[in-house]
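Fold and geometry: a report
In case you want the letters, here they are:
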Amino acid sequence: MEIMQEQIAVSRPSYDAYFMEMAHVVAKRSTCQRRKVGAILVKNKHILSTGYNGAPKGMRHCDDVGCLRSNQGIPSGERHELCRGLHAEQNAIIQAAVFGISIEGSTIYCTDTPCVVCVKMLINAGVKEIIYAGEYPDQLAKEMIEESGIKIKKLK
């Protein structure tokens, strides 16, 4: 009995599209009520660590206790310290540190552009490139990225 297999032409995604799709999957783990963000740190086409926004380990999540920022009417891009959660980029950096993985020279794939707090961390960690899908309203972050020399590009 001969079995015929139908071949389906599927275009292979670029590495940028591949890693960005993974960042969007990581974002699904987010417990933030306002914005679900995912980040993946990659070097030499290998994933070093991932992160999504949410409360620290062992702490109650915003989807359990409510959103402090929404309750106080704080707009996106302002007063980052008034939040229970860590950002996706912060969690990706921390995860790499916990496992002793250097992220110097890596690329970060983010579902949104990083805020100024995350940008400062990425600069000091030696991240060389930021690839993002969506915009986050933080003008100072954009200025610091430009001044730092980190490459940045939007993935369409």
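The preceding data block contains the structure.
Residues numbered from 1 in each chain as written. Predicted model: local features only at pLDDT ≥ 70, side-chain atom pairs only at ≥ 80, totals over all residues. Heavy atoms only, no water.

Attention now goes to the overall build of the protein. On a plain count of helices and strands, the protein comes out with six helices and five strands. Oriented by its inertia axes, the alpha-carbon framework of the protein measures out at about 70 × 40 × 30 Å. Within the protein, the fraction of its 156 residues that count as buried is 38%. In the protein, 55% of the contacts between residues at least 6 apart in sequence involve partners at least 24 apart. Carbon and sulfur atoms make up 52% of the accessible area of the protein, which amounts to about 9,800 Å² in all. Placing the 20 positive and 17 negative side-chain charges of the protein at their respective mean positions leaves the two points 3 Å apart. (Helix = DSSP H or I, 4+ residues; strand = E, 2+ residues; numbered from the N terminus. Buried < 20%, exposed > 50% of the residue type's maximum accessible area, 1.4 Å probe, protein only. Contact = heavy atoms within 4.5 Å. Areas by Shrake-Rupley, 256 points an atom, 1.4 Å probe, with all protein chains shown as cover. Lys, Arg positive; Asp, Glu negative; His and termini not counted. Charge placed at Lys NZ, Arg CZ, Asp CG, Glu CD.)

What follows covers the nonpolar core. Counting residues in each nonpolar core, the largest one holds 18 residues, and the members touching the most others are Ala39, Leu41, Ile103, Ile108, Leu122, Val127 and Ile130. Of all the secondary-structure elements, those providing two or more residues to this core are strand 1 (38-43), helix 4 (88-98), strand 3 (107-112), helix 5 (116-125) and helix 6 (139-148). Per-element tally for this core: the top contributor is helix 4, with four residues. Formed by eight residues, the second largest nonpolar core is a distinct cluster that contains Phe19, Met20, Ala23 and Val42. (Core = buried A, V, L, I, M, F, W, Y, C linked by side-chain atoms within 4.5 Å.)

Right, let's get into the state of the cysteines. The tally for this structure, following the rule as stated, stands at zero disulfides. Not engaged in a disulfide, the cysteine Cys62 finds its nearest cysteine sulfur in Cys83; these two sulfurs lie 5.2 Å apart. The class for Cys62 is buried, based on a relative accessible area of 9%. Counting only cysteine sulfurs, Cys118 is the nearest neighbor of Cys115, a cysteine outside any disulfide, at a range of 3.8 Å. (Disulfide = S-S within 2.5 Å.)

The contact between helix 4 and helix 5 brings their axes to 9 Å, and the two run at 30°. Taken together, the axes of helix 4 and helix 5 lie roughly parallel to each other. Taken as a pair, helix 4 and helix 5 cross one another with a handedness that is left-handed. Taking contact as the criterion, the partners of Glu89, Gln90 and Ile93 in helix 4 are, on helix 5, Val117, Cys118, Met121 and Leu122. When grouped by side-chain class, the residues that make up the contact of helix 4 with helix 5 number five nonpolar, one polar and one charged. (Axes fitted to C-alpha atoms, helices over the stretch in contact; angles between N-to-C directions. Parallel < 35°, antiparallel > 145°, perpendicular 65-115°, else oblique. Left-handed = near helix turned anticlockwise from the far one by under 90°. Nonpolar A, V, L, I, M, F, W, Y, C, P; charged D, E, K, R; others polar.)

What follows concerns the pairing of strand 2 (residues 46-52). Bridge count between strand 1 and strand 2: six bridges; the pairing is antiparallel. Each residue of the ladder has a partner; that of Val42, found in strand 2, is Ile47. Here strand 1 folds back onto strand 2, and the loop between the two strands holds two residues, one of which, Asn44, carries a positive phi near 55°. (Pairing = 2+ DSSP bridges.)

Quick look at the side chain of Asn91 now. Structurally, Asn91 is set in helix 4. For Asn91, the side chain forms a polar contact with the main-chain oxygen of Tyr52, separated by 2.8 Å. Discounting chain neighbours no more than four positions away, the residues touching Asn91 are Thr50, Gly51, Tyr52, Gly54 and Leu86. (Polar contact = N/O pair within 3.5 Å; in protein donor to acceptor, adjacent residues only side chain to side chain.)

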